Structures are given as structure tokens and as C-alpha cells.
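Here's the letter readout for the chains.
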Amino acid sequence: FVNNYKVKYNVFDGSMKVSGGENVLSYDVTRLDKVRDDAYRGLKRQNNVAMNDFDPVIAEIARQTDIILRRNGDPCSLPYLAENSAVINLIQDLEEEERPGELSDPTNSPLDGVSLEDVTNRLQMAGLERWVMRLKEANEKFISFFTNRNSQQATIVTGATKAARLETDAAYRAVVKRLNA
């Protein structure tokens, strides 16, 4: 009876260690989400600085980038997976060579005579390319850790602790009954 109880208790103890507590990767996921949020905010701040640049070409690039940023909205307060999608869409929009509609029309520019038709490497010229790359890298690293953490959590058998506890309690009652007999 006692050996049976010890075996059941060890199974219960093992199930508590596997399923109990926060996943060790949760801290990294939270930290990487903050890094991603900081990269977005840095991109936005850098673009605001570029909008006030003395060079009218850089100011126009920043104005067009600001339209894209406002259209996509601030992804930082979204849930993890929605933020991931929003950041991917934002990066795709920013990396496009040709801007659709109002963005490629120089007559829409408040700066007379500024045309971006022959300008290549717009993000680099405005000092935004490294921020976009930082945001892209941070998002990829975040989603990698997030997926890894979720994969680890998926391997945990739910209800294993409760089942092991019931078996341990039954074995304990059998030992108590035997000793009281």
C-alpha cells in the first residue's frame, strides 16, 4: 500500500512540475513585444523628425511615409497575433517601390516643385530604412519565440494533474484505512 502511494505521489509531483507555473518563454515573449513596440515608436519619431527636414525631398518622403503610418494605425496596443499581422502589412506598404494613388502624385504635395519620380531608396534617404529593418527583425524574432512558446504549451496534457491527484488521494486513503485497521 505504501509503495503504491509513493508511486502515485511521484506521478502527481511530476505532473505538477510539467504543467504548473508560467512558461519560461513568456518573459522573452513579453520583452520581445516591447522591443517591437519600441521599434515602431522609433520609426514614427524618426519620420516626424524627417518631416521637418530642410531638404524638401526628404520632407516629402516623410510626408508620404506619414500617410502610410496613419493609414495602418498604431499596432502597439493590439493583441500579439493582430500586431504581428499589422506590422507585416505596414512593412510591406513601406517597402513598396511605387506608392499608389495620392502618394505618387507630386501635385498633391504641399511643397511646390518637389517630385519623387527619380528618387530611389526613399526610406534610406529619409533615414528610415534602419528603423524599418529593426521593426522587421523585432517582429520576426517575436513571432518565432511566440510560436515556440505556444508549441511547448501545446505538449502539456491538460487535466493530467487532476487525474494524478485523484489517484494519489485514493492511494493515500487506502494507506490510512490499512493503518487504522
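For the structure, check the block above.
Here we summarise the structure given alongside this text. (Residues numbered from 1 in each chain as written. Predicted model: local features only at pLDDT ≥ 70, side-chain atom pairs only at ≥ 80, totals over all residues. Heavy atoms only, no water.)

### A few points about the packing of aromatic side chains
Inspection of the entire model under this criterion finds three aromatic pairs. Each ring, one from F142 and one from F146, has its centre 5.7 Å from the other, and the planes form 20°; the classification is stacked. Taken as a pair, F142 and F146 lie in helix 6 (residues 129-154) at a separation of four residues, close to a single helical turn. Each member of the pair, F142 as well as F146, is classed as buried. (Phe/Tyr/Trp six-rings, centres within 6.5 Å; stacked < 30°, edge-to-face > 60°. Helix = DSSP H or I, 4+ residues; strand = E, 2+ residues; numbered from the N terminus. Buried < 20%, exposed > 50% of the residue type's maximum accessible area, 1.4 Å probe, protein only.)

### Details of the packing of helix 3 (residues 56-72) against helix 4 (residues 80-95)
Running from N to C, helix 3 and helix 4 cross one another at 160°; their axes reach a closest spacing of 10 Å. Comparing their axes, helix 4 and helix 3 come out roughly antiparallel. Considering how the two elements wind past one another, helix 3 and helix 4 form a crossing that is right-handed. Residues T65, I68, L69 and N72 of helix 3 touch helix 4, and the partners they reach there are N89, L90, D93 and L94. A per-class count over the contact of helix 3 with helix 4 returns four nonpolar, three polar and one charged. (Axes fitted to C-alpha atoms, helices over the stretch in contact; angles between N-to-C directions. Parallel < 35°, antiparallel > 145°, perpendicular 65-115°, else oblique. Left-handed = near helix turned anticlockwise from the far one by under 90°. Contact = heavy atoms within 4.5 Å. Nonpolar A, V, L, I, M, F, W, Y, C, P; charged D, E, K, R; others polar.)

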